[in-house]
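Chain by chain, the residues run as shown.
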Amino acid sequence: MSRNEYPRRFPLAGRDVNRLGYGAMQLAGPGVFGPPKDKQAALAVLRAAVEAGVDHIDTSDFYGPHITNQLIREALAPYPGHLRIVTKIGARRGDNASWQPAFSAEALTAAVHDNLRNLGVDALEVVNLRLMFDVHGPAEGSIEAPLSVLAELQQKGLVRHIGLSNATARQVEQGRGICEIVCVQNQYNLAHRGDDALIDALARDGVAYVPFFPLGGFSPLQSGILSRVAARMGATPMQIALAWLLRRSPNILLIPGTSSVAHLRENLASGDIDLPDDAMAELEGIAQEAGDGRAEA
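Within every chain, residues take consecutive numbers counted from 1 along the sequence as written. Totals for whole chains, interfaces and linings use all residues, but because this is a predicted model, local features are given only for residues with pLDDT of at least 70 and pairs of side-chain atoms are given and counted only at 80 or more. Side-chain numbers come from the whole structure's heavy atoms, not from hydrogens or water.

As for the state of the cysteines
In a disulfide, the sulfur atoms of two cysteines are held together by a covalent bond.
Then comes step 1: Note on terminology: pairs of cysteine sulfur atoms within 2.5 Å are recorded as disulfides. Using the criterion set out here, one finds 0 disulfides in the structure.
Then comes step 2: Residue Cys-179 stays outside any disulfide, its sulfur separated by 11 Å from that of Cys-183, the closest cysteine.
Then comes step 3: Throughout this description, buried means an accessible area under 20% of the type-specific maximum (1.4 Å probe, protein chains only), exposed means over 50%, and partly exposed covers the range between. Looking at Cys-179, the relative accessible area reads 10%, which means it is buried.

Written out as C-alpha cells, the structure reads:
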C-alpha cells in the first residue's frame, strides 16, 4: 500500500478531519503544569497548526490547569467552523502537580463548565471521559455513573459528542451501551500494542481511535529497527513512528504534541512518507523487542 492509497481523513463527531492533528498538552509548563516559558511561541504553534491544515486539536482544562485552553482561545478564537477541539474530563491537578481522579457528578459538571469558559464556547464539540481507575493505564471498573453524568450534560446541550480515554475494551463496550462513543483515546505506539484488537474492532464500526503518546510519551521510542528504517527512508525515527500509525489502521487519528513550530512541521510531514510493505514488516519487530508484540510495553 502506498501513501496515496490510505485515507488522509476520517470521520470524527460527524465531520471528516485530517488524520494528522495536534495535541496541546506540551504547551503548558514543565510537567504539564503552569504557564509556558514562551507564551508567544505557544500561540505561534497553534496558529501554524491550523494554517497547515490541522483541524483536530486535543486539549484539556486540567493541562496547566486551564493554561492550554486559554492559549487555544487566545490564538484561534473565533474558531474556524471546520475545527474540531476535543477536550477531556475526569481528572484534576493537585497543588503539587499530581494527577488525581475527579469522577463525582459535581467534579465532572464543574470540569465541563471550566472547559466551556476557558475555551470560550457555548458547547464542547467532543469530550473524552478520562478514566482514572489506575493513573498509569487502563484498569477495569464500571463507568456507568460518570458516563451517565456526561450523557446528561450532552442532553442539556453543553456537550455535543462523547469519547472515552484510558479505557479497556470492556469499558468501551459498556460505554457504547450508554451513549454513542465517537472516539477512544488510549496509549498506543509501535512498542505499546495492547490495543491492536480494539483498534480493529472500532475500525469495523467506523469509530475513531486516537493514540496518546504516539512517540512514546515522556520516554521517547528508541529502537535500532526504527533507526535503520528511518535512515533508509531519509526521515527521522519519530516521523517513521507516525507514518507507521497512519498505515496501521484508517481510523487512527494522530495528535502528536510539540511546543515548536519546526517540530510541528516535521510531524506533519510524516503524512508524506510512503512506507513500503517491507518497512512495515520490519517495524513489526519493535513490538517483539518490547515484549510479545501485543502486550503493553
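Remarks on the sheet that holds strand 8 (residues 124-130)
Then comes step 1: Two strands are counted as paired when DSSP detects at least two bridges linking them. Starting at the N terminus, helices and strands are each numbered in turn, a helix being any DSSP run of H or I of at least four residues and a strand any DSSP run of E of at least two. In space, the 7 strands of this open sheet follow the order 3-4-5-8-9-10-11, with parallel pairing throughout. Of all strands in the sheet, those with a lone pairing partner are strand 3 (22-23) and strand 11 (208-212), marking the two edges.
Then comes step 2: In this structure, strand 10 (residues 181-187) lies alongside strand 11, joined through 5 bridges in parallel fashion. By the bridge assignment for strand 11, Gln-187 is matched with Phe-212.
Then comes step 3: Here, two residues are considered to be in contact whenever any of their heavy atoms come within 4.5 Å of each other. Angles shown run from 0 to 180 degrees and are taken between the N-to-C directions of axes, each axis being a line fitted to C-alpha atoms and, for helices, limited to the stretch in contact. In the packing of helix 4 (residues 144-155) onto the sheet, the strands contacted are strand 5 (84-89), strand 8, strand 9 (159-165) and strand 10, and the crossing angle to strand 9 comes to about 160°.

Focus on the pattern of salt bridges
Then comes step 1: Any carboxyl oxygen of Asp or Glu that lies within 4 Å of a side-chain nitrogen of Lys or Arg is treated as forming a salt bridge with it. Enumeration according to the criterion identifies 14 salt bridges in this entry.
Then comes step 2: Connected via shared salt-bridge partners are Arg-193, Asp-196, Asp-200, Arg-248 and Glu-284.

Regarding the nonpolar core
Then comes step 1: Put simply, buried Ala, Val, Leu, Ile, Met, Phe, Trp, Tyr and Cys residues joined by side-chain atoms within 4.5 Å make one nonpolar core. Counting 85 residues, the largest nonpolar core has Tyr-22, Leu-275 and Leu-283 as the members making the most contacts within it.
Then comes step 2: It is helix 8 (residues 237-248) that provides the largest number of residues to this core, a total of 8 residues.
Then comes step 3: In this structure, Leu-283 is in contact with Leu-190, Ile-225, Leu-226, Val-229, Ile-240, Trp-244 and Leu-275, ignoring residues within four places of it in sequence.

A few points about the confidence of the model for the chain
Then comes step 1: Across the chain, pLDDT averages 93, with 94% of residues at or above 70.
Then comes step 2: Contacts from residues 292-297, a stretch scored under 50 in pLDDT, to residues over four places away or in other chains number 18 contacts. Along the chain, pLDDT gives the predictor's confidence residue by residue, from 0 to 100.

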